[in-house]
Amino acid sequence: MSYELTEKSDLKFPEEMYFRETGVCRFSLLDGTEIVGVSGNTWEEYSDLLKSVSPTDRFVASPELITSAGMSFDEMAENTNLINQRIEELVNFSTDFKETVFVLGTPLFVDSRKPRNSALLIRNGEIIGATNKRSGATAEENKYFELVAEEPPFLLPGSQTAVLICADLPTASLYANYDDS
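Computed from a predicted structure; not experimentally measured. (Residues numbered from 1 in each chain as written. Predicted model: local features only at pLDDT ≥ 70, side-chain atom pairs only at ≥ 80, totals over all residues. Heavy atoms only, no water.)

> Help me out: how do you make sense of the packing of aromatic side chains in this one?
Counting across every chain of the model gives six aromatic pairs. Between Phe73 and Phe145 the ring centres are 5.3 Å apart and the planes differ by 85 degrees, which places this aromatic pair in the edge-to-face class. Taken together, the residues span a long stretch of sequence, with Phe73 in helix α2 (residues 73-78) and Phe145 in the loop between α4 (139-144) and α5 (168-173) at a distance of 72 residues. Residue classification places Phe145 among the buried residues on the basis of a relative accessible area of 2%. With centroids separated by 5.7 Å and ring planes inclined at 85 degrees, the aromatic side chains of Phe97 and Phe102 adopt a geometry described as edge-to-face. The same class applies to Phe97 as to Phe102, namely buried. In textbook terms, an aromatic cluster arises when at least three aromatic residues are bridged by ring pairs, as seen for Phe73, Tyr144 and Phe145. (Phe/Tyr/Trp six-rings, centres within 6.5 Å; stacked < 30°, edge-to-face > 60°. Helix = DSSP H or I, 4+ residues; strand = E, 2+ residues; numbered from the N terminus. Buried < 20%, exposed > 50% of the residue type's maximum accessible area, 1.4 Å probe, protein only.)

Right, dumping it as structure tokens:
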């Protein structure tokens, strides 16, 4: 079986949206899922902006690797305690938001001396899920992170919205409307 794409192909890719500003951004996805993006240049700025979150917000997403903001790749391994404290800070903060799912971008140290570029799902004082970046976008990323290429897709609870981290988004969009019939 072979596949050929031409200019007239009816293959449609999902639209990607990127927000490069800091602050609080509210938007709705095509399926009606409402997301609140909270983005800061530092952990402290991000934490301060969380005060804008409402207990009625369903999903609150952070930038990739926000718990290590300002650290070089080498410094992440030296600051695992600080990164874990920041994760715990958001876990504790989430207890005031019983139904809100926080999607936290963080280095996660599992069974390797290299961290995984991960997203934790946190709700009501608990980590309820985690996913990891599947492919590196740069040689530097491949050098400093453990990647989990065979990880299954991961959806936000109660939605049809997948959690993908940075370079995983364009890769996943290649398969979004795939039909092998």
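> Would you mind showing me how to read the pairing of strand β2 (residues 34-39) here?
Regular strands place side chains that alternate from one sheet face to the opposite one. In terms of burial, β2 is a largely internal element, five of the six residues being buried. Direction of pairing for strand β1 (residues 23-28) relative to β2: antiparallel, over a ladder of six bridges. Residue Cys25 lies in a different strand from β2, and its bridge partner there is Gly37. With antiparallel pairing between neighbouring strands as the criterion, β1 and β2 make up a hairpin whose turn holds five residues, including Gly32 at a positive phi of roughly 90 degrees. For the segment spanning β2, helix α1 (residues 43-49) and strand β3 (residues 59-61), crossover handedness is right-handed. (Pairing = 2+ DSSP bridges. Right-handed = clockwise from strand over helix to strand, strands pointing away.)

> Help me understand the pairing of strand β4 (residues 101-108), please; the structure alone is not making it clear to me.
The element β4 is extensively covered by neighbouring structure, given that eight of its eight residues are classed as buried. Burial of β4 is two-sided: the residues Val101, Val103, Gly105 and Pro107 facing one way and the residues Phe102, Leu104, Thr106 and Leu108 facing the other way are all buried. Across three bridges, the pairing between β3 and β4 is parallel. Paired with Phe59 across the strands is Val101, a residue of β4.

> Any chance you could explain the pattern of salt bridges here in plain terms?
A side chain of one charge can pair with a side chain of the opposite charge if their charged atoms are brought near each other. Counted according to the given criterion, the structure contains six salt bridges. Ionic pairing is found between Lys133 and Glu64, a salt bridge with its closest N-O pair at 3.3 Å. With Lys133 in the loop between β6 (126-132) and α4 and Glu64 in the loop between β3 and α2, this pair connects stretches of sequence that are 69 residues apart. One network of salt bridges, in which partners are shared, links Glu64, Lys133 and Glu141. (Salt bridge = Lys/Arg side-chain N within 4 Å of Asp/Glu carboxyl O.)

> For this particular structure, what's the right way to read the nonpolar core?
One broad trend across soluble globular proteins is that nonpolar side chains are buried collectively. In this structure, Val38, Tyr46, Leu50, Phe102 and Leu104 are the most contacted members of the largest nonpolar core, which totals 24 residues. Counting residues per element, this core draws most heavily on helix α3 (residues 80-93), which supplies four residues. Ignoring anything within four residues of it in the chain, the contact list for Phe102 reads Leu50, Val53, Val60, Leu90, Phe93, Ser94, Phe97, Leu120, Leu121 and Ile122. (Core = buried A, V, L, I, M, F, W, Y, C linked by side-chain atoms within 4.5 Å. Contact = heavy atoms within 4.5 Å.)

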